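The residues making up each chain are set out below.
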Amino acid sequence: MRAVILASHPHGPVSAAHFEVRDVPTLEAQEGQILVRNMFLSLDPGVRVLLGAQEGYIAPILVGDPLVTLAMGEVTESRHLGFQVGDLIVGRGLTAESSVITPDVDPMCWKLDQATMTAPSNSLGIQGAAGMTAYFGLLDVAKPQPGETVLVSGAAGAVGSAAGQIAKIHGCRAVGIAGGPVKAKRLTKEFGFDAAIDYQGLSLAELTAAVKAVCPDGVDVFFDNVGGTQLDAALDCMNWKGRVTTCGMISQYNTQVPPAMHNLFQVVANALRIEGFLVHTYADQFDGAIAALGEWVRDGRLVFREDIVEGLDSFGGGFARLFDGSAQGKMLVKL
Ligand SMILES: NC(=O)c1ccc[n+]([C@@H]2O[C@H](COP(=O)([O-])OP(=O)(O)OC[C@H]3O[C@@H](n4cnc5c(N)ncnc54)[C@H](OP(=O)(O)O)[C@@H]3O)[C@@H](O)[C@H]2O)c1
């Protein structure tokens, strides 16, 4: 079968040239496993931290090996009692035409439930890891109260756009930060944020002033997908006992040297709480989140964008687009 493999470790910006599509041996399911024909592969910025040569928080991908990503597909062989041929599932598998998944050891594996699912591709986006990251990161980590101001970075992305809308559903004021006038306008016109900031070309001082201008009562919750200067600016705008949900740091995935932080003392001065999380640790609560997100999608309170590229050969170019500002929604590869 065909698979996307890592051709070289990126040092700095990742590009399509760091990936190749090659033939690899076909797979067979062993006892307790399922063989899945992949229909959609998820393009996730977090995979970038596995592409370097050094050990990260998960073992890095080796040159010549296929990548591992979330995939949605159809079971074509089952040696697991809970799954049947024809089931549609999400699981963490190879960036290839097929994957073998061991459901009992993979917290990111679940069967699509026709009663709650809105569309198969949504199981990798708004009703998948992206939507659930926003759901748990906001509601469980930050616990926003009605009337509070929630600031979101990476707000035009898959997680950020959902986080802002979920904040609105919970009675908060949502303010988003995005790159460029088109995306900033999209935040208020399409995703229903109360205000938007275009961060492009702004210094730390200018970004801080821009946040203060649109958050006159300060920021109670900062849902941060970006890190770096945007985190630094937000820290200077937080209210007493504010909460920072550290979801990701996409501004640093392609850089070797993160920028210095200037406003960390605000954590002391305003008794802030900064807390990270990983969505897979909520696996035992996924059913409830998928159902809630699906209900909001159906009743029109939660809107989303997909940006779908076709075929394994598009994987590398699509992946690079996660970091250059050209992604226009949840990025997927359709097989
Ligand atoms: N904690 C978890 O369990 C978990 C799970 C999933 C994802 N995440 C993290 O959540 C974050 C968002 O993921 P996503 O799936 O929403 O990705 P996405 O759809 O690609 O959105 C990411 C957004 O980040 C912005 N961005 C890209 N490069 C940037 C840079 N150098 N500086 C500032 N902004 C930049 C882009 O917006 P602009 O064009 O507006 O700049 C883009 O809209 C990532 O950091 C990811 O690693 C965490």
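Residues numbered from 1 in each chain as written. Predicted model: local features only at pLDDT ≥ 70, side-chain atom pairs only at ≥ 80, totals over all residues. Heavy atoms only, no water.

With that settled, consider the domain arrangement of the protein chain. Each domain of the protein chain was delimited in the assignment, giving domain 1 (2-125 + 304-334) and domain 2 (129-279). Computed from C-alpha coordinates alone, the two centres of domain 1 and domain 2 are separated by 28 Å. Of the residues lining the interface, 23 residues belong to domain 1; the matching set on domain 2 comes to 15 residues. In total, domain 1 and domain 2 occlude about 1500 Å² of area from one another, counting both sides; carbon and sulfur atoms represent 55% of this. Remark: the boundary between domain 1 and domain 2 carries 1 salt bridge. A salt bridge links Glu-190 to Arg-305, with the nearest nitrogen and oxygen atoms 2.8 Å apart. The interface formed by domain 1 and domain 2 includes 7 residue pairs in polar contact (both at pLDDT 80 or more). Taken together, the residues of the side of domain 1 that touches domain 2 sort by class into 13 nonpolar, 7 polar and 3 charged. (Domains from an automatic or database assignment. Contact = heavy atoms within 4.5 Å. Buried area = accessible area lost by both parts, 1.4 Å probe. Salt bridge = Lys/Arg side-chain N within 4 Å of Asp/Glu carboxyl O. Polar contact = N/O pair within 3.5 Å; in protein donor to acceptor, adjacent residues only side chain to side chain. Nonpolar A, V, L, I, M, F, W, Y, C, P; charged D, E, K, R; others polar.)

Another point: the state of the cysteines. For the structure shown, the criterion picks out 0 disulfides. Here Cys-172 stays unpaired: no disulfide links it, and the sulfur of Cys-215, its closest cysteine neighbor, is 12 Å away. Overall, the relative accessible area of 4% leaves Cys-172 in the buried class. (Disulfide = S-S within 2.5 Å. Buried < 20%, exposed > 50% of the residue type's maximum accessible area, 1.4 Å probe, protein only.)

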